Amino acid sequence: MKSAQPSEAGPEHTPGNGKAAKARSAARGVQPDANIAGRLRFESFLLELSAFFAKAPPDCVERGLDQWLEKLARFIGVDRISLWECDIAGGQLHLRHAYSVPEFPKVSTTVATATFPWLIDEFRRGRIVRCERIREDMPAGATAERDYLARLGVKSALGIPVEAGATIYVVTFMCIRGQRKWPENLVRRLHLVAEIFASALGRLRAERSLSLSESRTRAILRAFPDLIFVLDRDGVFIESHCESYNDLLMSPEEFTGRTMEDVLPAEMARLFRAAFERAARTRDVVELDYVLPVKGEQRYFEARLVQRDDGAMVTVVRNVSERHRAASKLRDSEQQFRVAFTHSAIGMALVSLEGDLRQVNGALCQMLGYREAELLSMKLPLLTVPEDLALDLAYVRRAIAGEISHYEIERRYLHKDGRIVWALLTTALVRDAADKPLYFVSQVHDISERRRAQIDIERARLELAHMSRVSLVGQLTASLAHELMQPITAITINAAAGVQAGELEAAPETQALFQDIYDSGRRAGNVVKNVMGMLKKENPPHTKVDLNGLIQEMVHVMRSDLLGHHVYLTMNLASANTEINGNPVELQQVLLNLMPIPPEVASSHLRSIGPLAGTHGVPCALITSQPFGLV
């Protein structure tokens, strides 16, 4: 085994098969001529190989490599030639091209460091590996490599690495039909062949990379909406990329080769010349915004100038007219909203998702009685009547969840002075372009006056309904009173006749009974008349009433009830000034409501005012009259 760089020393060797070698050994007299002929043939082969790849277009290199590997294998008499590629920083060999005789076993297209550590390490170090006898020449540490080549039946092998930048190309030669030697002169020539192959692959890779880069650049430029101009050191247009001529003052054919002063308006040319010089002086990117009249309209542009390494200036120009118009519309819209928000007669507020007041207008401050700074330091729930807060929060959660975009409810706010302010609240949720909730815009309309008017209307409606019922009851009562007055009048007349009929010679008890009936009938008639007067909304007539007489009359009326309950009544009446101004019927009704007291109630009542002596120890009620009324 030999592993070393090829050297210039060593005998010449003519590539060929084994029989030719034996013939040359037998005819040593003609050895120099045979070596010269072999060297000439190999040099001719190298010239032809080099000329092919020097002229071959990129799309023919791959196919040419396969063809020349086969030619080389037949030329030097080997069974397989493989062209591998390996990244210097990597640890794998990847098969790119190969030729082998039909009987050669199939080999792997990828060889990893873990599989053949010694072999790949040798190639990465740039060492040529020569094995004339696989088992004898492979080192002890190359067990995996030796076993692998033995399984393939390889008897002799040669590997030549060639470094090309960050890539190592390896050309391997294998023989399975017999052993062969790898003399220095052959290895040196095969090294030249390997360099030609590596150079062809490297050039192909570079051209493909350049083609891919140019393709990407063209694709980017096609998709690039901006205008690109390249100017030389003197400000002369030398290149341009313009997918559309719509934003140009003239076509590229017209301005190429002319200075910016020849192409642009004077003022614009001065601006660009100053930016041009600043970019050249600072080597930084210089930005420039300008307005240019193009085809009868004002268009807005922004330009970026940067100097290339060769001194040329690259200028990228973008039409920002649409963005400028959109920004102008946005400013107008914001101004309109700000004016409407600030000067609105309706209370307005911007409220965060957490309930913080971000912005309020004067109408809301006036409605709630707070200054703007005070409101902005408060949370909206603190201004709300607690009973109304749950409904509002439910709507807020639905809006944030995306179920609704806005809502409208009536709610009560707490004024700074503590009174209730009724309001109609209209709230809308504002979202960003990604549909993320941002904040709420709330309009608060004071409806306290309307609410009070509704309450007054409701009260009037209830009173009207009550009056309707009272009117109906009055009509029924009037009809009933009219019907009652007839029998009451008859009873009174008959009783009066009985009292005045002296010829009947009735007993005194009978006369008293008639008098009783007459008095009761007269009182009943007065009560009915008084009720009818109340239903007609007439003020009851007030006259001078003798309170003592009224009490005595009522006691007389209630005598039977008192006797029935075993109640004995003692009257302690005032002796003078017992006249009052009032309605006798109403006063009688009051006394009637007070006098019929059951024994148990009377007993309790009397205990509360103190014990009074009565006949046979029976409790008795005490009625007194004072000049100012009943006590």
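Residues numbered from 1 in each chain as written. Predicted model: local features only at pLDDT ≥ 70, side-chain atom pairs only at ≥ 80, totals over all residues. Heavy atoms only, no water.

Caption draft 1: Fine view of the nonpolar core. Ranked by size, the top nonpolar core spans 64 residues in total, and within it F53, L72, V154, F173, L190 and F197 carry the most contacts. With residues near it in sequence (within four places) discarded, L72 still touches F45, I81, F173, L190, V193 and F197. Counting 27 residues, the second largest nonpolar core, distinct from the first, contains L264, A269, F276 and L305. (Core = buried A, V, L, I, M, F, W, Y, C linked by side-chain atoms within 4.5 Å. Buried < 20%, exposed > 50% of the residue type's maximum accessible area, 1.4 Å probe, protein only. Contact = heavy atoms within 4.5 Å.)

Caption draft 2: A look at a nonpolar patch on the surface. Together, I491, L513 and I517 give the surface a local cluster of nonpolar side chains, amounting to about 250 Å² of exposed area. Tracing the chain through its elements places I491 in helix α15 (residues 448-500). Residue class for I491 comes out partly exposed when judged on its relative accessible area of 43%. (Patch = residues over 30% accessible without salt bridge, like charges linked within 9 Å, V, L, I, M, F, W, Y side chains within 5 Å. Areas by Shrake-Rupley, 256 points an atom, 1.4 Å probe, with all protein chains shown as cover. Salt bridge = Lys/Arg side-chain N within 4 Å of Asp/Glu carboxyl O. Helix = DSSP H or I, 4+ residues; strand = E, 2+ residues; numbered from the N terminus.)

Caption draft 3: Highlighting the environment of K71. Residue placement: K71 occurs in helix α3 (residues 58-76). For the pair K71 and F45, spaced 26 residues apart in sequence, the C-alpha separation works out to 9.5 Å. Not counting chain neighbours up to four residues away, the residues in contact with K71 comprise F45 and E48.

Caption draft 4: Broad picture of the pairing of strand β2 (residues 80-87). Extensive coverage of β2 is indicated by the burial of seven of its eight residues. Sheet topology note: the β2/strand β3 (residues 92-100) ladder contains six bridges and is antiparallel. Bridging from a neighbouring strand, L83 pairs with H97 of β3. Bridge analysis of β2 against strand β7 (residues 167-175) gives eight bridges, and the strand direction is antiparallel. (Pairing = 2+ DSSP bridges.)

Caption draft 5: Here's a closer look at the sheet that holds strand β12 (residues 313-319). Pairing within the open sheet is antiparallel, and its five strands lie in the order β9-β8-β12-β11-β10. Single-partner strands in this sheet number two, and they are β9 (237-241) and β10 (286-294). When strand polarity is set aside, the average angle formed by the axes of neighbouring strands in this sheet is 25°. Of the strand pairs in this sheet, strand β8 (residues 227-231) and β12 are connected by five bridges, and their pairing is antiparallel. Looking at β12, one finds that I228 is bridged to V316. Its contacts with the sheet put helix α10 (residues 266-282) on β8, β10, β11 (297-307) and β12, and the angle it makes with β10 is roughly 165°. (Axes fitted to C-alpha atoms, helices over the stretch in contact; angles between N-to-C directions.)

Caption draft 6: Highlighting the sheet that holds strand β17 (residues 437-446). An order of β14-β13-β17-β16-β15 is seen for the five strands of this open sheet, with the pairing classed as antiparallel. Only two strands of the sheet have a single partner each, and these edge strands are β14 (357-360) and β15 (406-414). Averaged over all pairs of adjacent strands, the angle between their axes in this sheet comes to 25°, without regard to strand direction. With nine bridges joining them, strand β16 (residues 420-431) and β17 adopt antiparallel strand pairing. Directly across from V430, in β17, lies its bridge partner Y439. Here helix α11 (residues 321-343) sits on the sheet and contacts β13 (347-352) and β14; the angle it forms with β13, its principal contact strand, is near 115°. On top of the sheet, helix α14 (residues 386-400) reaches β15, β16 and β17; it is set at about 155° to β15, its chief contact.

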